[in-house]
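# Topology and contacts: notes
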Amino acid sequence: MHGSWASLALLSQLVGLSLAADTDAWKPRNIYFALTDRVARSSGDTGGDACGDLSNYCGGTFQGLQSKLDYIAGMGFDAIWITPVVTNTDGGYHGYWAADLYSINSNYGTADDLKALVSAAHDKGIYVMVDVVANHVGPSAIADHRPEPLNQDSSYHSQCTIDYSNQNSVENCWISNLPDLNTQSSDIRSLYQEWVSWLVTEYNFDGVRIDTVKHVEKDYWPDFSAAAGVYTIGEVFDGDPNYVSGYGSLMSGLLNYPMYYPMNNFYQQTGSSQAMVDMYNQISSLFPDPTTLGSFLDNHDNPRWLNTKNDLSLLKNALAYVILARGIPIVYYGTEQAYAGGADPANREDLWRSGFNTNSEIYQAISRLSAARKSAGGLAGNDQTHLYVADTAYAWSRAGGTLVVLTTNSGLGSTGNHCFNTQVSNGSWNNTFGTGSYTSDGDGNVCISVSNGEPVVLLAA
């Protein structure tokens, strides 16, 4: 009898865990994406010289990351996504080259260090999402991989070069010459389901980010996602909403690559606000639940935003979209310090070179945007209304007009006056990003002035 009660107790713990971190619980969250190796080197790290070689380990640790939770929370983030934690083959500073699924990358610290990080985050009300890879393993001799049978050739597809015009090739050939798992094998499927379930439970993770989703056949993912038992968000690296939406029901959410391209085109002055709105509407019709998608403006696989367009006012407008438009915001570490690195690995700078400056312009901007998200109730709903689509501007509302956001793409130093209908008659709002207050007339019309090209974020007074 004792055994069955113990099982019941464990089951209720697991159910409690998954209920606490299910999709609905993630929708109002605000995610900071951190490369563990690049945030902080120790619990006493106050800054220092830049890492000399960004293509190898720079010395970031779990203890270092734990010591920066207040720095992260200070921008209003209540979730962090960390890069993969498992032991990697040599040189896998980023975590995506797994060597042993059941041991922790000692460059980052110990298993207990990782548990302490997650526990400390939870104490501060911060969710932790772990990154996982189920498509491939690290570049070393097959015999060196763990656990069994990952040390056997039969666990992998035959080596071939990906032809991206052929989906079968995308799924079965080797990305970047990395051994491609034979994911059609029931043994491999079971092994990875058991592992991801163990990983989430052992370290008390709240969510799972899944790498290289389009490189594995679709029917692999529902059982893998279910085994994780928490919110899962997948990377389908493609801008075509028709293609990406084909994965929309296979896991909890996806990174919103379809919106990444037109959004950045508009705020970087190479595209129109109408194209952005058209994509938004297309996503609305194609995806089962667009509120589960993760919004972002750059990451470790794409050049940093400022590398493409070096204008802090434009960056603030793009961040306003990411944090205050539909979807779950994801902000890449270092954005707050105006990092501008180019292609990988230049876009993976160490954070300590910044001295962890909480007074920097973009740190403060992110803090204000995050505060507006929270003040408007978390913005978990599918409630975005397009209010104003102009050549150099886009405005929308959320939460029934409680929040009205005006963004422009005129850039640093620009001024303007934009008049549009808020769909709220006799409304009253305060600009929480800048200064001043606004009221709409009886028909809902308002005129808003933009200074220095910065976004205007109106919260109901």
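Look up a bit, the structure's there.
This report concerns the structure included in the present document. (Residues numbered from 1 in each chain as written. Predicted model: local features only at pLDDT ≥ 70, side-chain atom pairs only at ≥ 80, totals over all residues. Heavy atoms only, no water.)

### Let's talk about the layout of surface pockets
Here the largest pocket defines a volume of roughly 480 Å³. Forming the boundary of the largest pocket are 19 residues, of which Ile175, Ser176, Asp211, Thr212 and Asp301 lie nearest the centre. Counted by class, the lining of the largest pocket contains seven nonpolar, six polar and six charged residues. (1 Å grid on protein atoms, 1.4 Å probe; cavity = no way out; pocket = protein on both sides within 12 Å on 5 of 7 lines; lining within 4 Å. Points joined across faces, edges and corners; volume = space filled by probe spheres on them. Nonpolar A, V, L, I, M, F, W, Y, C, P; charged D, E, K, R; others polar.)

### Focus on the sheet that holds strand 2 (residues 79-82)
Strand order in the open sheet formed by eight strands is 8-7-6-5-2-1-10-9, and the pairing between neighbours is parallel. A single partner strand is all that each edge strand has here, and the edge strands are strand 8 (253-254) and strand 9 (294-295). (Pairing = 2+ DSSP bridges. Helix = DSSP H or I, 4+ residues; strand = E, 2+ residues; numbered from the N terminus.)

### Here we look at the packing of helix 11 (residues 257-267) against helix 14 (residues 312-324)
Running from N to C, helix 11 and helix 14 cross one another at 145°; their axes reach a closest spacing of 9 Å. Between helix 11 and helix 14 the crossing geometry is right-handed. Contacts between helix 11 and helix 14 involve Met259, Met263 and Tyr267 on the former and, on the latter, Leu314, Asn317, Ala318, Tyr321 and Val322. (Axes fitted to C-alpha atoms, helices over the stretch in contact; angles between N-to-C directions. Left-handed = near helix turned anticlockwise from the far one by under 90°. Contact = heavy atoms within 4.5 Å.)

### With respect to the environment of Tyr108
For Tyr108, the location among the structural elements is in the loop between strand 4 (98-104) and helix 6 (111-123). Classification of Tyr108 by relative accessible area gives buried; the value is 0%. Residues Tyr108 and Thr87, spaced 21 residues apart in sequence, show a C-alpha to C-alpha distance of 9.6 Å. With near-sequence residues (within four places) excluded, Tyr108 lies in contact with Thr36, Asp37, Tyr57, Gly60, Thr61, Phe62, Pro84, Val85, Gly92, Tyr93, His94 and Gly95. (Buried < 20%, exposed > 50% of the residue type's maximum accessible area, 1.4 Å probe, protein only.)

### Here's the deal with the packing of aromatic side chains
Within this structure, the stated rule accounts for 30 aromatic pairs. On the numbers, 5.9 Å between centres and 85° between planes, the contact of Tyr71 with Phe356 is edge-to-face. Taken together, the residues Tyr71 in helix 5 (residues 69-73) and Phe356 in the loop between strand 10 (328-332) and helix 15 (361-375) connect sequence positions 285 residues apart. Seen in terms of ring centroids, Tyr257 and Tyr260 are 5.5 Å apart; in terms of plane orientation they differ by 70°. Their pairing is edge-to-face. (Phe/Tyr/Trp six-rings, centres within 6.5 Å; stacked < 30°, edge-to-face > 60°.)

### Observations regarding the sheet that holds strand 16 (residues 437-439)
In spatial order, the strands read 11-12-13-18-15-16; together these six strands make up an open sheet with antiparallel pairing. One side of each edge strand has no neighbouring strand; the edge strands of this open sheet are strand 11 (385-389) and strand 16. Taking the axes of each pair of neighbouring strands and ignoring which way they run, one obtains an average angle of 20° across the sheet. In the sheet, strand 12 (residues 393-398) pairs with strand 13 (residues 403-408) via six bridges, with the strands oriented antiparallel. Following the sheet pairing, Tyr394 is matched in strand 13 by Thr407. Helix 12 (residues 273-286) rests against strand 11 and strand 12 of the sheet, and its axis sits at about 165° to strand 11.

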